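Coordinates in review
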Amino acid sequence: MATYLFGSLTVQIEQGDLTRQKVDAIVNAANKHLQHGGGVAGAIVARGGSIIQQESNEWVHLHGPVTHNHPAITGPGSLFCKYIIHAVGPIWGEGAEVDKLICTIKSSLLTANDLKCKSVAFPAISTGIYGFPVKLASECFLHAIEQFSKEATLLFLETVKIVLFDTGTLQVFLDTFSTGL
Ligand code: AR6
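What comes next is a walk through the structure. Bear in mind that the values here come from a model prediction, so they are computed numbers and not experimental data.

**Some remarks on the pairing of strand 1 (residues 2–6)**
Residue alternation in strand 1 divides its side chains into a buried set, A2, Y4 and F6, and an unburied set, T3 and L5. Between strand 1 and strand 2 (residues 9–15), which pair antiparallel in sequence order, lie 2 residues; one of them, G7, sits at a positive phi of approximately 60°.

**Focus: the sheet that holds strand 3 (residues 25–30)**
Strand-to-strand pairing in sheets goes through backbone hydrogen bonds, with the strands running parallel or antiparallel. In spatial order, the strands read 1-2-7-6-3-5-4; together these 7 strands make up an open sheet with mixed pairing. One side of each edge strand has no neighbouring strand; the edge strands of this open sheet are strand 1 and strand 4 (72–74). The average angle at which neighbouring strand axes cross in this sheet is 25°, direction not considered. As paired strands, strand 6 (residues 119–122) and strand 7 (residues 159–164) are joined by 4 bridges and run parallel to one another. Bridge pairing in strand 7 links S119 to T159. Set on the sheet, helix 3 (residues 97–114) makes contact with strand 3, strand 4, strand 5 (83–88), strand 6 and strand 7; between it and strand 5 the angle comes to about 160°.

**Some words on the packing of helix 1 (residues 39–48) against helix 2 (residues 51–63)**
It is the contact of helix 1 with helix 2, at a shortest axis distance of 7 Å, that shows an interaxial angle of 120°. Our classification of the angle between helix 1 and helix 2 gives oblique. Only I51, I52 and Q53 of helix 2 make contact with helix 1, whose side of the interface consists of I44, V45 and G48.

**Description of the side chain of H36**
When you line up the elements, H36 lands in the loop between strand 3 and helix 1. In this structure H36 comes out as buried when scored by relative accessible area, which is 8%. Polar contacts involving the side chain of H36 include one to the side chain of N28, which spans 3.4 Å. From its side chain, H36 meets the backbone oxygen of L34 in a polar contact 3.5 Å long. Excluding residues within four positions of it along the chain, H36 makes contact with N28, A30, A41, G42, V45, Q53, S56 and H86.

Parameters and conventions
- Residues numbered from 1 in each chain as written.
- Predicted model: local features only at pLDDT ≥ 70, side-chain atom pairs only at ≥ 80, totals over all residues.
- Heavy atoms only, no water.
- Buried < 20%, exposed > 50% of the residue type's maximum accessible area, 1.4 Å probe, protein only.
- Helix = DSSP H or I, 4+ residues; strand = E, 2+ residues; numbered from the N terminus.
- Pairing = 2+ DSSP bridges.
- Axes fitted to C-alpha atoms, helices over the stretch in contact; angles between N-to-C directions.
- Contact = heavy atoms within 4.5 Å.
- Parallel < 35°, antiparallel > 145°, perpendicular 65-115°, else oblique.
- Polar contact = N/O pair within 3.5 Å; in protein donor to acceptor, adjacent residues only side chain to side chain.

Without other data, these values stay purely geometric and don't point to any function.
In structure tokens, the structure reads:
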């Protein structure tokens, strides 16, 4: 695990499985209809239970499709967290992907803070099925976390974990956070 400080915010980057994280909130890499079929979303429902899909369906029924700047929130099912923040990253090729991914990450951080979470864990949103290049995504994470740590007032959040499934993605994120932008 590698640790980086952004003001009072600690960022931990490690290899692992998001669905096993003991944090206040995990962030899901969702689609806008919250149909959690594959990738990390499928893994979350497989481990946490179908109640997560049911609560997600209710959320979309009430609020409509999820946007980059307004993630959905559900309970954790049987996972070891208090909340799941369902964030929607951009699909590579749809346009303005960098701005959209930064927006997705910042809005998830804000949501975790609004929920008074002390810790939140992210996957590498958009870099799987959505095809976003990993290096550019790692730079978006760095940028979004830097901006959030400078802009946010009344910070409940203390720890941001970035949990990466494979060694290659882990190495790219470590390089980006070690050298800066
Ligand atoms: N823990 C941590 N990271 C994981 C895990 C896990 N258990 N499983 C996969 N990853 P993806 P996206 C990594 O495809 O690109 C879904 O169907 C994976 O290796 O989950 O935003 C949704 O419902 C990759 O690095 O998310 C949407 O339709 C990263 O998580 C769509 O995929 C993100 O990959 C979203 O695509």
